[in-house]
Structures are given as C-alpha cells and as structure tokens.
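Single-letter residue listing:
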Amino acid sequence: MKYQNNFFPITATPFSRVGYKEVLPCRELLPYVRCFWTSDSHITDSLIIPDLCADVMIHIEYDPDSDNEGEISCIGFCGVGDSMFISQKLENLHMKIFGIRFYAWQAQNFADEKLAKTVNGFFVLKNHFVTLDKLLRKEIFPAMTLTEFQKIAEGALLSLIDRSEANLLHTETLVMDAVSTMIRARGALAQQQLLQDIHVSERQLERLFEQTLSLSPKKTSSIIRYQSLWQEVCRSTQFDIQDSVFAYGYYDQAHLLNDFKKYHGISLGEARKLAFKS
C-alpha cells in the first residue's frame, strides 16, 4: 500500500543554498523519495537539521584543474539523523555528491537488511542495500549530471518496487499507520493516544520502529513536530508564535523555542535569517 502524506521536510536553507540542487522524483516514487540531489562539498559549511530522511550518497572526487572526469570514491548510506550537525567544506579536496533522499520510514522497502541501529550513522551501501548497490554501480559514472543521475536512480528504485512480494521487505503496516497518524497531528499527539488509535502495544511499536527507522516512536513524533513547525515558519507570511504553541501542543512559548533550538542548533529568529539569506 502506498501511503500519501503532506509531510515535506525542508533543509535549514530551503530557499537558497550555494552548490546544492534537488529535484522531485517521478510520480510513482513520490511516496518513497523526498528528492534526488547533488552538492559540491567544497563550496561552504552547511547546517544539517533533522528531517526524518535517510540518504543514499555517491561521492565523486575530482580535480577542477584537470580534464579527468574524476572517480567514484564511495557509495554509502546515511541513516536518519535525530540531531543537527555542521557539514564542513573540504579545503583541499573537491568532491561532488549525488544523493537519493528517502523518507526514513520508506527506505526499508529498498533494503536487503533491516535498518536497526543506523541512526546518525554512515555505512557502505552494500551493508544494507546489496541489490540497490549493484544496480547503481552498473549505470552511474563520475561525469553524470543530476538529470542523468535521477534517471539512473529512478530506474533502479522502480525495478525494486516491482520485485515480487516474497522478496520485497515491505514496511510494516503498523509503522506506516503510526507515522501517518503522527503527521496528521503534526507531531502533537500523545503517545498513549497514538497507541489507542492504531491498536498496538507500546513494546511492539517500539520494536517495529527500531527495525524500520532506527528511531523510537516518541523521537519520530518529536521530529515531525519540529519539522512541521519549521515548514510553517518558512512558508507563512504571518507566522504567529502563540498560535503555534497551541497548534503544536507546546506548554508555552519557552517550551516551543527551547524544543526548536534543541533540533536546529540556533534560535528560531537566527534560523529564519539564515533561511531567507540570499
């Protein structure tokens, strides 16, 4: 079953980011893939915030002063993150990165192994995605463009979706139901109410979330609330913090601001300035 949602996580700089570009997937992959992207890692330091996504990343090292197209140095998997960090530019190394950004609860559908204990980690892709690793290696090349990479990646992912049900590790229905419920509530639903709504025990849901997202249900819901708030901050022309306190289930304004800074690393006011910086 394909679960549609209106959760569309964004970066810390959603309107302008030097050296970074992303494109949406084809219609068939929209429930699974947030975007395909590329970045020049030597351009600038970048603030990376939790977005409930997990990425396949292809690193290509190149010399800007050479006619050589470069070489693929690593193909890896970056598990879902639950805290912010700074991705630092590389002074003496030029590297282009291509990525597939999965919704964290959908990445399991393309894996050959469970994704438990992958939170905040980076792994060689074939450790968890043997088949996808083989499919990508057959087609990717150092000088590819984002458009070319998207075509290659979409072909690989669509072929995995078409695998027989016996071979495809479908995401647990209970996890999908829980995530969909969290998204509808924008992360403001109490854990006990969630368990009642989807008719599952706390222990069972904890186990399923660990195997699929490598996050607890409570942390997943908390990041959904944070990301939903951040999306509103960036997209609303008349953002009202008091309205948001009520809408997202915070105790008061201080609770909202402290929770935001916990995930974003800087204050809400500083985050807005960074987001809209040209």
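Residues numbered from 1 in each chain as written. Predicted model: local features only at pLDDT ≥ 70, side-chain atom pairs only at ≥ 80, totals over all residues. Heavy atoms only, no water.

Asker: So what's going on with empty space enclosed by the protein? Residues and values would help.
Answerer: For the structure on display, the rule yields two cavities of 30 Å³ or more. In this structure, the largest cavity occupies an estimated 40 Å³ of space. Around the largest cavity sit Ala54, Phe77, Val80, Ala104, Ala107, Leu115, Thr118, Thr212 and Leu213, which together line it. Classifying every residue of the lining of the largest cavity by side-chain character gives seven nonpolar, two polar and no charged. Considering the residues around the second largest cavity, the lining is formed by Pro9, Ile10, Thr11, Glu22, Arg34, Asp51 and Arg101. Counted by class, the lining of the second largest cavity contains two nonpolar, one polar and four charged residues. (1 Å grid on protein atoms, 1.4 Å probe; cavity = no way out; pocket = protein on both sides within 12 Å on 5 of 7 lines; lining within 4 Å. Points joined across faces, edges and corners; volume = space filled by probe spheres on them. Nonpolar A, V, L, I, M, F, W, Y, C, P; charged D, E, K, R; others polar.)

Asker: Go over the layout of surface pockets with me, naming the residues and quoting the values.
Answerer: There is about 380 Å³ of room inside the second largest pocket. What lines the second largest pocket is a set of 19 residues, among which Gly187, Leu189, Lys218, Ser221 and Arg225 lie closest to the centre. Within the residue set of the lining of the second largest pocket, elements represented by two or more residues are helix H4 (191–198), helix H6 (217–235) and helix H8 (253–264). With five residues, H6 is the largest single contributor of residues to the lining of the second largest pocket. (Helix = DSSP H or I, 4+ residues; strand = E, 2+ residues; numbered from the N terminus.)

Asker: I'd like a description of H8, backed by residues and values.
Answerer: Between its terminal C-alpha atoms H8 stretches 16 Å, which fits the 16 Å expected from twelve residues at 1.5 Å a residue. Regarding H8, the residues found buried are Leu256, Asp259, Phe260, Tyr263 and His264. The arc that holds the buried residues of H8, viewed along the axis, is 120°, so those residues lie on one side. Exposed residues on H8 whose side chains face more than 90 degrees from its buried face are Asn258 and Lys262. Where the residues of H8 are buried, they touch strand E3 (46–48), H6, helix H7 (241–247) and helix H9 (268–275). Where H8 begins, the side chain of Asp252 points an oxygen toward the backbone nitrogen of Ala254, at a separation of 3.3 Å. Gly265 sits one or two residues past H8 and shows a positive phi near 90°. (Expected span 1.5 Å × (residues − 1). Buried < 20%, exposed > 50% of the residue type's maximum accessible area, 1.4 Å probe, protein only. Arc of directions from axis to C-beta. Contact = heavy atoms within 4.5 Å. Polar contact = N/O pair within 3.5 Å; in protein donor to acceptor, adjacent residues only side chain to side chain.)

Asker: I'd like a description of the packing of aromatic side chains, backed by residues and values.
Answerer: Within the structure shown, the criterion is met by twelve aromatic pairs. Judged by centre distance (5.4 Å) and plane angle (25°), the rings of Tyr103 and Trp105 are stacked. Of the two residues examined, Tyr103 and Trp105, each falls in the buried class. (Phe/Tyr/Trp six-rings, centres within 6.5 Å; stacked < 30°, edge-to-face > 60°.)

Asker: Give me the lowdown on the pairing of strand E2 (residues 33–40), citing residues and values where you can.
Answerer: Within E2, eight of the eight residues are buried, which leaves it mostly tucked inside the rest of the structure. The sheet contact formed by E2 and strand E7 (residues 94–103) spans seven bridges and is antiparallel. Looking across to E7, one finds that Cys35 is bridged to Arg101. (Pairing = 2+ DSSP bridges.)

Asker: Residues and numbers for the packing of helix H1 (residues 130–139) against helix H2 (residues 146–161), please.
Answerer: For any two helices packed against each other, one specifies the crossing angle of their axes together with the interaxial distance. For the pair H1 and H2, interaxial distance at closest approach is 10 Å and the crossing angle is 145°. Judged by the sense of rotation from one axis to the other, the crossing of H1 with H2 is right-handed. Contact residues: Thr131, Leu132, Leu135, Leu136 and Glu139 in H1; Ile152, Ala153, Ala156, Leu157, Ser159 and Leu160 in H2. Here the residues of the contact of H1 with H2 are counted per class, giving eight nonpolar, two polar and one charged. (Axes fitted to C-alpha atoms, helices over the stretch in contact; angles between N-to-C directions. Left-handed = near helix turned anticlockwise from the far one by under 90°.)

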